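# Structure at a glance
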Amino acid sequence: MNLIFRLLPWLLPAALLGGCGAPPPAAAPGTVRIRWAHDPESLDPLVQPNQYATEATNLLYQSLLQIDYQAQQPAPALAETLPTTRPEGDSVLLVTYRLRPAARWDDGRPVLAADVAFTLRLLHCPTLPTEGARAQFGFIRALLPDPAHPADPCRFVLRCRGQAPEFALATGDFPILSEHALDPGHTLRRWPLAALADRPGTAPPDSALARVGRRYLAAVLANKLPGTGPYRLTQWQKDHRLTFERKARWWADSLRPRPAVLLARPHRLHYLVLPDDAAAALALRRHALDVYPQVPAPLFARLQAAGPAARLAAATAPSYDVLTAGFNTRRPALADAATRRALARLFDADGLRRATQAGLGLATVGLVSPVSRAFYNDSLRPVPFAPAEAAALLRRAGWQRPSAAAPWQRPATRANQPAQKLTLTLRYRAGETLFETTALQFRAAAQTLGIGVTLLPTEAGALTEALHRGDFDVYVRTLKGNPFVFNYAPILHSRAVGEGNFTGFGTPASDRLIEAVAAAGPATKAPLLRQFQALLQAEAPLVPLFFLPTRLVADRRLRGLAVSGVRPGYAATALYWPAAPAP
Amino acid sequence: MAQLIRPTAGCALAWGWFSVLIISALAAPWLPLPYPPGTPDLLHLAAPPSAAAAHWLGTDGQGLDVLTQLLFGARTALLLTLPVAAGATLLGAAIGATAGFWGNRGLRVPLPAALLGLAAAMWAAAVPWLLTGPVVLAAGLACWPRWYRRCPVPLDSLLTGTGTLLDAVPRLVLVTAAAGLGASGRALPLLLLFTTWPETARLVRAQMWRVRVQPFVEAAQAAGLPPLRVWLRHCLPHALIPLKSVFPLSVAGLLGLESTLSFLGIGLPPEVPSWGRMLNAAHSDLGAWWVFVPPFLALASTTLALAYIANKSKHSFNN
């Protein structure tokens, strides 16, 4: 006993020091820990406020088609095969699907065409805040039984307005919800889909629609909305972590061979909300984190250099996410395209790309990635960084500067209004170095012309609200894209103003062009997209600065990591540890 | 007394550093700096000190020149903390000296005036008229000669209560919460002022308790001098002596708080240079020592200098 007391003063510090230096406990077998920069805010499958919400809902719910990140193309998920398309006349496309007969809800009921029809109707439920989804899927006008197999409840035809080739894929990109769980009385069936889609906002409220909407929202709030996805949410500590557990029995387990999009290898997925990049990098190096997606360029270079010693693997690919500045066109000072074009020349897109992306990233003229060569308008040149040209454009737009110390002013458009002053507020998500550097560069350039810019870094949730309210002059954010679908209605159509269209932009001509692009066939798609890019550059409600690369660093022992340009850049459900056999 | 007259080397160093800081902070806009504040140099992101690029102390991860940020950060720190510390010291001294001299029963005001004051406070706090009305009515009735009297104002209890209330929540938490509720960068000085005065007030109140029972004060009161004159001429000069050492510590505390808030990204707008923000930039790029060392040294030296000055003032006061 005496020996213990004699050794205690030595053992205690040694134990403490040993404890301090010890690596954190490794993840349990079958568990993968992934970094998220911020909370998903909502797990509403029809209203996904950010990329993390999309990732989370993809684990809980399934669409007809999902992205196969290994092949970098859409693949059938709830659908048995990719859909077949058939034009009808010169303005309608029929898209035929067959659901997998094995697809089941958790209660064992099969997933049927009626569930797809219900989800489409629910998208247009006026009491739900689904304006973005309505703009995105408004081209689907009806769900009809397959005339070749009228008795098969798993087969159906989607009747689409327009004949765009990407409709084949776009029609499969919404999560399917259970009619039995949300509308057991089938009250929505009395509404034809087109009638719901065309229902004016001024129409009197319908109690049946309101009831279903309420039931849906209650289920979302309680996290009790049934889904066909392989995981269930077991823990959500806001702004801290989300845990998804693999369902013990999932309908796709019986499929042989198992398609890549229906893999669900990890038993448990921990998403750790770590807003700070340095903290995330430290966690990764200490192996308290397994996957770190969207790594900033300087950190990526350091982690890449430390790779072999730190047992890390780094990968990159060109992405379809574009850094974008947007103007609030509802503000009188920013209502005219000439002013917006002038201000667009104060963003040093090329300098920012070189500085922040370490040479990666792609300069662009619009929202179409230069990687999509057929559709990219290479006759345009990217908006140059030209403060002197901007000043000349401002003068042409009617702005004057009475003295060197005075702000830019121009007479009001109406007689009883005060003169307009060119001072701006710029919002961006707080804590994002890329956005902050962009904001500081714009502010510094504007300051040289005497334009005051107030920077308002805003927390992610508050930023979404502020953008919806239109409480900004300029914003800087990332717009996500993909190489499959070119539908800009959710972000630029006048129907989506106040929802996804934060800029408030929308003219009859731009609306017509956006609709035409969305509905265009293979022959007309490329010229229409080129025309759209030219219009976007001329009107400048948005200024696409450059396309970002995907950068990902992960534990080198992790398998199944296929880095893709499509967000989130990897498939979490395909990951596994070599020691743990895939279920 | 000898220490007051003969400055030590440490004292000279502390005052010298503080003077250099004040001069460079005030002169920062007119110094021939190669890069203006808040302007990123996109060609040199996280670049080490280099004479060729005229970034004498390097740049941070956003391409901001460290030297420029350091000098303008000093300007921000001093222009924010000095006025707030002065304001908080004045406010705290006035409240503490009043409460310490008159206590809970020394100051008596007419009852109608006290009731009207209470009603005004209730109205300002948006208390319903159903409750404020009777107080106004009572104030009217108290004017009647039969019920007219003077009642004591519990100044001492009010001060200690308010101070305890403000101290119950740590200052950092209070300011962070206010920023979360939408308090802008412009509101930060007011917020700091509002949360800093109780410390000074408590100190001056305690000193006033010691002073007011001294024979020379009692003699002045016995001579029939009005209480306000006794307070102002005879007590206050003695009660305020400890402020000489408290003021530098107050500035140091505010400097630390402002840096902490900036480090957390709260309070000051992002385009305003700040030492705390520089330390934050360093933590996102741990290999860039040149981003961390200058603001750390500046902050540490300033805090040490202020603590040294405060310590010396305390010794001179004690001697």
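A brief look at the structure comes next.

Parameters and conventions
Residues numbered from 1 in each chain as written. Chains lettered and ligands numbered in written order. Predicted model: local features only at pLDDT ≥ 70, side-chain atom pairs only at ≥ 80, totals over all residues. Heavy atoms only, no water. Helix = DSSP H or I, 4+ residues; strand = E, 2+ residues; numbered from the N terminus. Rg over C-alpha atoms; globule rule 2.2 N^0.38 Å. Buried < 20%, exposed > 50% of the residue type's maximum accessible area, 1.4 Å probe, protein only. Contact = heavy atoms within 4.5 Å. Areas by Shrake-Rupley, 256 points an atom, 1.4 Å probe, with all protein chains shown as cover. Lys, Arg positive; Asp, Glu negative; His and termini not counted. Charge placed at Lys NZ, Arg CZ, Asp CG, Glu CD. Disulfide = S-S within 2.5 Å. Patch = residues over 30% accessible without salt bridge, like charges linked within 9 Å, V, L, I, M, F, W, Y side chains within 5 Å. Salt bridge = Lys/Arg side-chain N within 4 Å of Asp/Glu carboxyl O. Pairing = 2+ DSSP bridges. Right-handed = clockwise from strand over helix to strand, strands pointing away. Core = buried A, V, L, I, M, F, W, Y, C linked by side-chain atoms within 4.5 Å. Axes fitted to C-alpha atoms, helices over the stretch in contact; angles between N-to-C directions. Buried area = accessible area lost by both parts, 1.4 Å probe. Polar contact = N/O pair within 3.5 Å; in protein donor to acceptor, adjacent residues only side chain to side chain. Parallel < 35°, antiparallel > 145°, perpendicular 65-115°, else oblique. Left-handed = near helix turned anticlockwise from the far one by under 90°. Nonpolar A, V, L, I, M, F, W, Y, C, P; charged D, E, K, R; others polar. Phe/Tyr/Trp six-rings, centres within 6.5 Å; stacked < 30°, edge-to-face > 60°. Expected span 1.5 Å × (residues − 1). Arc of directions from axis to C-beta.

Turning our attention to the overall build of chain A. Looking only at helices and strands, chain A features 18 helices and 19 strands. Its C-alpha atoms give chain A a radius of gyration of 26 Å, near enough to 25 Å, the size a compact globule of 583 residues would have. Overall size of chain A, expressed as C-alpha extent along the three principal axes, is 90 × 75 × 45 Å. Taken over 583 residues, chain A has a buried fraction of 53%. Within chain A, contacts between residues at least 6 apart in sequence are counted, and of these 69% link residues at least 24 apart. Accessible surface, chain A: about 24,800 Å² in total, of which carbon and sulfur atoms supply 57%. Positive and negative side-chain charges of chain A, numbering 65 and 43 respectively, have mean locations separated by a distance of 3 Å.

Our next topic: the state of the cysteines. Summed over the entire model, instances satisfying the criterion amount to zero disulfides over all chains. C160 of chain A forms no disulfide, and the closest cysteine sulfur to it belongs to C154 of chain A, at a distance of 20 Å.

Further remarks concern a nonpolar patch on the surface. Residues and elements named next belong to chain B. Together, W289, F292, V293, F296 and L297 make up a nonpolar patch on the protein surface, roughly 490 Å² of accessible area in all. In this fold, L297 is placed in helix α13 (residues 289–318). Judged by its relative accessible area of 46%, L297 is partly exposed.

To continue, consider the pairing of strand β16 (residues 423–429) of chain A. Residues and elements named next belong to chain A. Where β16 and strand β17 (residues 452–458) come together, seven bridges link them in parallel fashion. When the bridges of β17 are listed, Y428 appears paired with P457. Following the chain from β16 across helix α14 (residues 433–449) to the adjacent parallel β17, one finds a crossover that is right-handed. Both β16 and strand β18 (residues 474–479) contribute to a ladder of three bridges, which runs parallel. Residue pairing for β18: Y428 is matched across the bridge by V476.

Another aspect to go through is helix α12 (residues 349–356) of chain A. Residues and elements named next belong to chain A. The buried fraction of α12 is high, at six of eight residues. Among all positions of α12, only A349, G351, L352, R353, A355 and T356 are buried. Buried residues along α12 sit in contact with α10 (297–306), β13 (362–363), α14 and β19 (542–555). Positive phi appears at A358, one or two residues downstream of α12, with a value of about 50 degrees.

Attention shifts here to the nonpolar core. A general trend in soluble globular proteins is that nonpolar side chains are found buried together. Residues and elements named next belong to chain A. By size, the foremost hydrophobic cluster in this structure holds 80 residues, and its most contacted members are L64, L122 and Y271. Ignoring any residue separated from it by four or fewer positions in sequence, one finds L122 in contact with L46, L128, L177, L182, L188, V212 and Y216. With 43 residues, the next largest nonpolar core counts F327, F347, A446 and L449 among its residues.

Glancing now at the sheet that holds strand β7 (residues 155–161) of chain A. Residues and elements named next belong to chain A. Spatially, four strands are ordered β4-β5-β7-β6 in an open sheet, and the strand pairing comes out antiparallel. Whereas interior strands pair on both sides, the edge strands pair on one side only; in this sheet they are β4 (84–88) and β6 (140–145). The average undirected angle you get between the axes of adjacent strands in this sheet is 25 degrees. Sheet topology places β6 next to β7; five bridges connect them, and they run antiparallel. In the sheet register, I140 faces β7, and the bridge partner there is C160. Sheet contacts for helix α3 (residues 113–123): β6 and β7; angle to β6, the most-contacted strand, approximately 160 degrees.

Turning our eyes to something else, we now look at the pattern of salt bridges. Side chains that differ in charge, positive against negative, can pair when their charged atoms come close. Residues and elements named next belong to chain A. Following the criterion strictly, the structure yields 30 salt bridges over all chains and no others. A salt bridge links R354 to D350; the shortest N-O distance between them is 3.1 Å. Of this pair, R354 and D350 are both found in helix α12, four residues apart, which corresponds to roughly one turn of the helix. Judged by its relative accessible area of 34%, D350 falls in the partly exposed class.

On to the interface of chain A and chain B, then. Taken together, the contact pairs 20 residues of chain A with 12 residues of chain B. Contact with chain B buries area across many residues of chain A, yet R302, A355 and L440 of chain A alone supply 31% of it, more than any other trio. At the junction of chain A and chain B, the tally comes to zero salt bridges. Between the two partners, chain A and chain B, sit one residue pair in polar contact (both at pLDDT 80 or more). Only α12, α14 and β17 of chain A provide two or more residues apiece to the side of chain A that touches chain B. Ranked by residues supplied to the side of chain A that touches chain B, first place goes to α14 of chain A with seven residues.

The next thing to look at is the packing of helix α3 (residues 66–102) of chain B against helix α6 (residues 155–168) of chain B. Residue and element names in this part refer to chain B. At a minimum axis distance of 8 Å, the contact between α3 and α6 shows a crossing angle of 135 degrees. By the angle between their directions, the pair α3 and α6 is classed as oblique. The way α3 lies across α6 gives a crossing that is left-handed. Facing α3, whose interface residues are I95, G96, T98, A99 and W102, α6 presents L155, D156 and L159. Of the residues that constitute the contact of α3 with α6, the class distribution is five nonpolar, two polar and one charged.

Here the focus is the packing of aromatic side chains. All names here are of chain A. Taken as a whole and judged by the stated rule, the model has 17 aromatic pairs over all chains. Here the aromatic rings of F139 and F167 are separated by 4.0 Å at their centres, their planes lie at 10 degrees, and the arrangement is stacked. With F139 in the loop between α4 (131–137) and β6 and F167 in helix α5 (residues 167–170), this residue pair connects regions lying 28 residues apart in the sequence. Note on accessibility: F139 and F167 belong to one class, buried. Where F244 meets Y271, the ring centres are 5.8 Å apart and the plane angle is 85 degrees; that geometry is what we call edge-to-face. Remark: Y271 occurs in strand β10 (residues 268–273) and F244 occurs in strand β9 (residues 241–246); sequence separation between them is 27 residues. Of the residues examined, F244 reaches a relative accessible area of 0% and is grouped as buried. The class of Y271 is buried, set by a relative accessible area of 1%.

Before going further, it helps to examine the packing of helix α4 (residues 111–124) of chain B against helix α5 (residues 129–142) of chain B. Residues and elements named next belong to chain B. Two elements in contact, α4 and α5, have axes separated by 8 Å at closest approach and are oriented at 165 degrees. Taken together, the axis directions place α4 and α5 in an arrangement best described as roughly antiparallel. For the element pair α4 and α5, the recorded crossing hand is left-handed. Note on element contacts: α5 touches α4 through W129, L131, T132, V135, V136, A138, A139 and A142, opposite L111, P112, L115, L116, L118, A119, M122 and W123.

Residue and element names in this part refer to chain A. The terminal C-alpha atoms of helix α17 (residues 508–519) lie 16 Å apart, and with 12 residues this matches the ideal 16 Å at 1.5 Å per residue to within 8%. Within α17, burial applies to S510, D511, L513, I514, V517 and A518. The arc enclosing the buried residues of α17, seen along the axis, measures out at 165 degrees, which places them on a common side. Exposed residues pointing more than 90 degrees away from the buried face of α17 are listed as P508 and R512.

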